[in-house]
Amino acid sequence: MALYLCDHAQLPQHERECQASSGAGSTARAACQIARALGAARVVLAGPVAPPEWHARIGADADELVCVSTPQGFCAIGQFYARFPQVSDEEVIACLECAAVPPSPAPASTVRAAASADPPGREQEVRPQAGVVRLAGYLTVPEGGPGIVVFAHGSGSSRHSPRNRYVAGVLNEAGLGTLLFDLLTPGEEADRANVFDIGLLAGRLAEVTRWLRAQSSAAHAAIGYFGASTGAAAALWAAAGPGAGIAAVVSRGGRPDLARPRLAAVTAPTLLIVGGRDEVVLDLNQRAQAELRCENGLAVVPGATHLFEEPGTLDAAAGLARDWFLSRLTP
């Protein structure tokens, strides 16, 4: 059992006032300890904003800490909200249920419904080696799968990204393996410049790909890249490297323009998927496509914005990615 906790805004008013007077994070620590006492195998504490030293305050009470911003000059939680009312338990539960089950009306959901009760591949936690750094990831390799798709997450995203995990599930059901891993360590992520350092991210992706090929389960598998946002630029940059040997690349809502110096060197068949309402990124993808010299395509998902949050749009993107990889990773 894993329990995910979100701090701050959903606390009752009297608890928030107590937290402010006794030190930010005390209520969160208590919640983590209670979750552990109730039998949670893994506790993830997430909050939108926290003091710079919050990791030290929480300590080992949580297995993983996730925070959008840790600004200097932090005085109180309320200073970072335009509105700071109490949030009911019902609202929090509804948000969690919505995030846990992305909309899936058509193509990929049909594949999912037809899948057997047994999972197509057992997900295992791995620690890929990238130079002197050990990263965290999830590797799934269905038995007899012809290829493995390595995910390059977007700016600040991680192996826990619900959208990429959903796409990975669709690929697994189609018989393809997947590797979702964090391109940066928690310490590296603290420096926002690293999140947009495409050369660094591409180098890290290439190193993890070499690690993957050394694993017995991937020894004979074709390798593809799936990139989102800035991760798409890292995927194209890495695929353009000499001897990269990448069989296919798919970008979802990506920024291939950030890999412009390397686009002409990409040889892997590349599919760019963009939301029809993501007009700025669509224009950037069209410009980038003009510089590609490999087999390529541009697929526009009608009605989708940058994050593919609209009903059916993520499912459509996942189906496009599945079909592209199946046709190019399968002998």
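Our subject is the structure listed above.
This report concerns the structure included in the present document. Fair warning: this is a prediction, and the values are worked out from it, not measured in the lab.

**Quick notes on the nonpolar core**
The biggest cluster of nonpolar side chains holds 42 residues, and the ones touching the most others in it are Leu 179, Leu 205, Leu 212 and Tyr 225. Listed by contribution, the elements that provide at least two residues to this core are strand 8 (147-152), strand 9 (177-181), helix 9 (198-213), strand 10 (222-228) and helix 10 (230-239). Counting residues per element, this core draws most heavily on helix 9, which supplies seven residues. Each residue touching Leu 179, except ones within four places of it in the same chain, is listed here: Val 126, Tyr 138, Leu 139, Ile 148, Val 149, Val 150, Phe 151, Val 208, Trp 211 and Leu 212.

**Describing the sheet that holds strand 13 (residues 296-301)**
The eight strands are arranged 4-7-9-8-10-11-12-13 in an open sheet whose pairing can be described as mixed. Pairing within the sheet leaves two strands with one partner each, and these edge strands are strand 4 (123-126) and strand 13. Here the strands of the sheet are splayed against their neighbours by 20° on average, with no regard to which way each runs. Of the strand pairs in this sheet, strand 7 (residues 137-140) and strand 9 are connected by four bridges, and their pairing is antiparallel. Among the inter-strand pairings, Thr 140 is bridged to a residue of strand 9, identified as Thr 178. Its contacts with the sheet place helix 9 against strand 4, strand 7, strand 8, strand 9 and strand 10, and it is angled at close to 145° to strand 10. The strands that helix 10 touches are strand 8, strand 10, strand 11 (248-252) and strand 12 (270-275); relative to strand 10, the one it contacts most, it runs at about 150°.

**A few points about empty space enclosed by the protein**
Throughout the structure, instances matching the rule amount to two cavities of 30 Å³ or more. Space inside the largest cavity adds up to approximately 100 Å³. In terms of lining residues, the largest cavity is bounded by His 153, Gly 154, Ser 155, Gly 156, Ser 157, Phe 181, Asp 182, Leu 183, Leu 184, Glu 189, Val 195 and Leu 201.

**Structural notes on helix 9**
With 16 residues, helix 9 should cover 22 Å at 1.5 Å per step; its first-to-last C-alpha distance of 22 Å lies within 8% of that length. What helix 9 keeps buried is the set Ile 198, Leu 201, Ala 202, Arg 204, Leu 205, Val 208, Thr 209, Trp 211 and Leu 212.

**A look at the packing of aromatic side chains**
Counted under the stated rule, the structure contains one aromatic pair. Judged by centre distance (4.9 Å) and plane angle (40°), the rings of Phe 151 and Phe 226 are tilted. Separated by 75 residues along the polypeptide, Phe 151 in strand 8 and Phe 226 in strand 10 bring together distant segments of the chain. On the basis of relative accessible area, Phe 151 is assigned to the buried category, the value being 0%. Since its relative accessible area comes to 1%, Phe 226 is described here as buried. Above the plane of the ring of Trp 324 lies Arg 328, whose end atom (NZ or CZ) is 3.6 Å from the centre.

**Topic: the pairing of strand 13**
Every second residue of strand 13 is oriented toward a common face, the buried set being Gly 297, Ala 299 and Val 301 and the non-buried set Asn 296, Leu 298 and Val 300. Relative to strand 13, strand 12 runs parallel, the two sharing six bridges. The residue of strand 13 that forms the bridge with Leu 272 is Leu 298. In this fold, strand 12 hands off to helix 11 (residues 279-289), which returns the chain to strand 13; that crossover is right-handed.

**Re the pattern of salt bridges**
A full pass over the atoms with the stated rule returns nine salt bridges. With a shortest N-O distance of 3.1 Å, Glu 123 and Arg 165 are connected by a salt bridge. Residue Glu 123 is found in strand 4, and its partner Arg 165 is found in helix 6 (residues 162-173); the two are separated by 42 residues along the sequence. For Glu 123, a relative accessible area of 39% puts it in the partly exposed group. The salt bridge partner of Asp 257 is Arg 255, with a shortest N-O separation of 2.7 Å. Given the relative accessible area of 25%, Arg 255 is considered partly exposed.

**Considering the packing of helix 9 against helix 10**
At a closest axis distance of 8 Å, the pairing of helix 9 and helix 10 adopts a crossing angle of 60°. By the angle between their axes, helix 9 is oblique relative to helix 10. The crossing of helix 9 and helix 10 is right-handed. Seen from helix 9, the contacting residues are Ile 198, Gly 199, Leu 201, Ala 202, Leu 205 and Ala 206; seen from helix 10, they are Thr 230, Ala 233, Ala 234, Ala 235, Trp 237 and Ala 238. Looking at the contact of helix 9 with helix 10 residue by residue, the classes come out as 10 nonpolar, two polar and no charged.

**A word on the packing of helix 6 against helix 12 (residues 313-329)**
Close contact between helix 6 and helix 12 brings their axes to 9 Å; oriented N to C, the two are set at 45°. In terms of axis orientation, helix 6 runs oblique to helix 12. Where helix 6 crosses over helix 12, the handedness of that crossing is right-handed. Taken together, the residues of helix 12 that come into contact with helix 6 (itself represented by Arg 163, Tyr 166, Val 167, Val 170 and Leu 171) are Leu 314, Asp 315, Ala 318, Ala 321, Arg 322 and Phe 325.

The rules behind the values
- Residues numbered from 1 in each chain as written.
- Predicted model: local features only at pLDDT ≥ 70, side-chain atom pairs only at ≥ 80, totals over all residues.
- Heavy atoms only, no water.
- Core = buried A, V, L, I, M, F, W, Y, C linked by side-chain atoms within 4.5 Å.
- Buried < 20%, exposed > 50% of the residue type's maximum accessible area, 1.4 Å probe, protein only.
- Helix = DSSP H or I, 4+ residues; strand = E, 2+ residues; numbered from the N terminus.
- Contact = heavy atoms within 4.5 Å.
- Pairing = 2+ DSSP bridges.
- Axes fitted to C-alpha atoms, helices over the stretch in contact; angles between N-to-C directions.
- 1 Å grid on protein atoms, 1.4 Å probe; cavity = no way out; pocket = protein on both sides within 12 Å on 5 of 7 lines; lining within 4 Å.
- Points joined across faces, edges and corners; volume = space filled by probe spheres on them.
- Expected span 1.5 Å × (residues − 1).
- Phe/Tyr/Trp six-rings, centres within 6.5 Å; stacked < 30°, edge-to-face > 60°.
- Lys NZ or Arg CZ within 6 Å of the ring centre and 35° of its normal.
- Right-handed = clockwise from strand over helix to strand, strands pointing away.
- Salt bridge = Lys/Arg side-chain N within 4 Å of Asp/Glu carboxyl O.
- Parallel < 35°, antiparallel > 145°, perpendicular 65-115°, else oblique.
- Left-handed = near helix turned anticlockwise from the far one by under 90°.
- Nonpolar A, V, L, I, M, F, W, Y, C, P; charged D, E, K, R; others polar.

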